Amino acid sequence: MSIFREKLMKKKVCDLAIFGGLPAFEVPLHVGRPNIGDRGRLLERFQKILDSRWLTNDGLFVREFEQRIADLVGVKHCVAICNGTVALEISIRALEMKGEIIVPSFTFVATAHALEWQGIKPIFCDIDPVTHNIDPIKIEQMITTRTAGIIGVHVWGRPCDVDALDEIAHRRGLKLLFDSAHALGCTYKRKMIGNFGDAEVFSFHATKFVNSLEGGAVATNDDQLARKIRLLKNFGFTTYDEIESVGTNGKMNEVSAAMGLTNLESMDEFIEINRRNYKQYAAELAGLEGVTVLSYSEEEKCNYQYVVLEIDKDKTILIRDQLIKILQAENILARRYFYPGCHRMEPYRSLYPNAHTFLPETERVAAQVMNLPTGQETTPEKIRIVCNIIHTAFENAGEIHMLLEEKQRAARGLL
Ligand code: T4K
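Residues numbered from 1 in each chain as written. Predicted model: local features only at pLDDT ≥ 70, side-chain atom pairs only at ≥ 80, totals over all residues. Heavy atoms only, no water.

Asks: With reference to specific residues and values, describe the pattern of salt bridges.
Replies: Under the defined criterion, the tally for this structure stands at 29 salt bridges. Taking the shortest distance from any N to any O, the salt bridge between Glu265 and Arg41 comes out at 3.1 Å. Here Arg41 lies in helix H1 (residues 39-52) and Glu265 lies in helix H8 (residues 254-265), a separation of 224 residues in the sequence. Given a relative accessible area of 31%, Arg41 falls into the partly exposed group. Across the pair Glu361 and Arg364 runs a salt bridge, and its minimum N-O distance is 3.3 Å. (Salt bridge = Lys/Arg side-chain N within 4 Å of Asp/Glu carboxyl O. Helix = DSSP H or I, 4+ residues; strand = E, 2+ residues; numbered from the N terminus. Buried < 20%, exposed > 50% of the residue type's maximum accessible area, 1.4 Å probe, protein only.)

Asks: Go over the packing of aromatic side chains, please, and point to the residues and values.
Replies: For the structure on display, the rule yields 13 aromatic pairs. Where Tyr188 meets Phe196, the ring centres are 5.5 Å apart and the plane angle is 90°; that geometry is what we call edge-to-face. Judged by relative accessible area, Tyr188 falls into the buried class, the value being 9%. Geometrically, the ring pair formed by Phe235 and Phe237 is edge-to-face, given 6.1 Å between the ring centres and 80° between the ring planes. These aromatic residues form a ring-pair network of at least three members: Phe106, Trp156, Tyr306, Tyr337 and Phe338. (Phe/Tyr/Trp six-rings, centres within 6.5 Å; stacked < 30°, edge-to-face > 60°.)

Asks: Can you break down helix H2 (residues 60-73) residue by residue, with the values?
Replies: When the terminal C-alpha atoms of H2 are compared, their 20 Å separation across 14 residues agrees well with the 20 Å that a helix rising 1.5 Å per residue should span. All of the buried residues along H2 are Phe61, Val62, Phe65, Glu66, Ile69, Ala70 and Val73. Elements in contact with the buried residues of H2: H1, strand S2 (77-81), strand S8 (191-192), strand S9 (199-203), helix H7 (223-232) and H8. Residue Gly74 follows H2 closely and has a positive phi angle near 75°. (Expected span 1.5 Å × (residues − 1). Contact = heavy atoms within 4.5 Å.)

Asks: A description of the domain arrangement of the protein chain should follow, citing residues and the corresponding values.
Replies: It is common to report an interface's size as the accessible area lost on association of the parts. Each assigned domain of the protein chain is listed here: domain 1 (3-30 + 267-411) and domain 2 (39-265). A straight line from the C-alpha centre of domain 1 to that of domain 2 covers 29 Å. On the domain 2 side, the residues contacting the 37 residues of domain 1 number 39 residues. Taken together, both faces of the contact between domain 1 and domain 2 bury some 3300 Å²; the carbon and sulfur share is 64%. Linking Glu299 and Arg190 is a salt bridge whose minimum nitrogen-to-oxygen distance equals 3.4 Å. (Domains from an automatic or database assignment. Buried area = accessible area lost by both parts, 1.4 Å probe.)

Asks: Mind laying out the site of the ligand, listing which residues take part and the relevant values?
Replies: Taken together, 24 residues lie around the ligand, and Arg33, Thr85, Asp179, Ser203 and Tyr337 are the ones closest in. Here the ligand, which alone exposes 920 Å², has 77% of that area covered by the protein. More than half of the atoms belonging to the ligand lie within 2 Å of the grid points that define the largest pocket. For the shell around the ligand, the secondary structure elements donating two or more residues are helix H3 (84-94) and helix H4 (110-116). Counted by class, the shell around the ligand contains 8 nonpolar, 12 polar and 4 charged residues. Both domains that meet at the shell around the ligand, namely domain 1 (3-30 + 267-411) and domain 2 (39-265), each give it at least three residues. (Near = heavy atom within 4 Å. Areas by Shrake-Rupley, 256 points an atom, 1.4 Å probe, with all protein chains shown as cover. 1 Å grid on protein atoms, 1.4 Å probe; cavity = no way out; pocket = protein on both sides within 12 Å on 5 of 7 lines; lining within 4 Å. Sits in = over half its atoms within 2 Å of the grid points. Nonpolar A, V, L, I, M, F, W, Y, C, P; charged D, E, K, R; others polar.)

Asks: Hey, could you go over the packing of H1 against H8 for me, with residue numbers and the actual values?
Replies: Where H1 contacts H8, the axes come no closer than 9 Å and their chain directions differ by 155°. Relative to H8, the element H1 lies roughly antiparallel. As H1 packs across H8, the resulting crossing turns out to be right-handed. Contact residues: Arg41, Leu42, Arg45, Phe46 and Ile49 in H1; Glu254, Val255, Ala258, Met259, Leu261, Thr262 and Glu265 in H8. Its residues placed into classes, the contact of H1 with H8 shows 7 nonpolar, 1 polar and 4 charged. (Axes fitted to C-alpha atoms, helices over the stretch in contact; angles between N-to-C directions. Parallel < 35°, antiparallel > 145°, perpendicular 65-115°, else oblique. Left-handed = near helix turned anticlockwise from the far one by under 90°.)

Asks: Explain a nonpolar patch on the surface to me, using residue names and the numbers behind them.
Replies: A cluster of nonpolar residues, Phe235, Phe237 and Ile243, forms a patch on the protein surface that exposes about 250 Å² of accessible area. Within the element layout of this structure, Phe237 appears in the loop between H7 and H8. A relative accessible area of 31% places Phe237 in the partly exposed class. (Patch = residues over 30% accessible without salt bridge, like charges linked within 9 Å, V, L, I, M, F, W, Y side chains within 5 Å.)

Asks: So what about the sheet that holds strand S10 (residues 216-220)? Which residues, and what values?
Replies: With respect to topology, 7 strands assemble into an open sheet ordered S2-S10-S9-S6-S5-S3-S4, the strand pairing being mixed. Strand pairing shows two members of the sheet lacking a second neighbour, S2 and strand S4 (121-125), which therefore form its edges. Each neighbouring strand pair of the sheet contributes to a mean axis angle of 25°, computed without reference to strand direction. Where strand S5 (residues 147-153) lies against strand S6 (residues 175-179), 5 bridges are found, and the strand directions are parallel. Bridging from a neighbouring strand, Ile151 pairs with Leu177 of S6. Strand contacts of helix H6 (residues 162-172): S5 and S6, with the helix running at about 150° to S6, the strand carrying the most contacts. (Pairing = 2+ DSSP bridges.)

Next up, the structure:
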């Protein structure tokens, strides 16, 4: 059975599933569908784990995984952790961040939660509307006597203005951590992400282009910090019986490391697929008024794991949320990363009810971005169908906008 109805290229409004047409895909097309490397190699590794009966606690695969990441990034230390969020929490603790930490609100909520979880106040800073990354000029305005550090997020794998953040951090005596969950394999000024600030945190969650099921890692060139992170992720144990500090259980297990190692072996292939997908989306959607596929620099290494559409509401009558509804009806599960911005989620919404007044660009970008399916499972034929639907939607924007508004009024019982 084919998973999509290829013959159904849609031309008219009534062809769209939201208005009664057949959905383009029988099986949902996900954003964040995991890439999976060589199954044979993976199963071999699983067998080894079972044969060795060494399942976790600094096993051989975890060590190999750490070494591979350190080599890839060209960093002195890589410590594997059970997931990216705990890796952030441990790094924050190891850096002795306290008081207030400046972070973008335009990020996955884990960046803010990792602070709040430890009683540290995230101070939300606005972004640059072009790069979607924290705006260094705005950071200066947020620094107070309570500020202990900055967390930059390389959103979509496009690097922050690292030099500017570094300069501010040095001049103001602040710690600098990077949430690099999106940025494995990417560069800033041709140097691999993972080498900047005091430390950088990667995520290997299932939805990341290289996944270890769940997983994370901290990369740093600081020997003392690496040692501290190793202690913190293993209850503070220095030897079998000795504890040097408080700690948690942040260990990566062997199955995750085996998955991570296997997927790392296919990393170049995954990047090539992502790049091909991104290029195809960009080419097929070029020229659609009000619709932009976010671009990646040809000067830098990129992993292209996110295909991000920006729908400019000043240039088109069809808004982002209407397009999402249209696509979802077709079984194309586009997502609104990162909507509505951390400052509009609890507990931050209640804690800082006025935060939005300082975050105009975050508000604007969060209202107009969306992510399209990509990765190994997303073939050129599927992209052609997704783009056909987007074209049909925008070419009939006026009529569709009106019909959707009518539908909404009817749902509210107003018609
Ligand atoms: N910092 C940043 C900037 C991050 O983006 C993230 C994570 C973190 C920190 C924290 O790292 P981790 O602690 O997660 O290692 C997803 C991911 O769960 C999350 O890892 C990721 N960022 C975030 C951007 O996206 P959700 O809540 O949107 O996930 P969910 O379950 O809705 O899945 C997304 C899509 O992927 C769905 O369409 C289903 C599909 N999917 C998902 C999984 C797990 C699959 O097809 N198969 C799967 O196994 O957060």
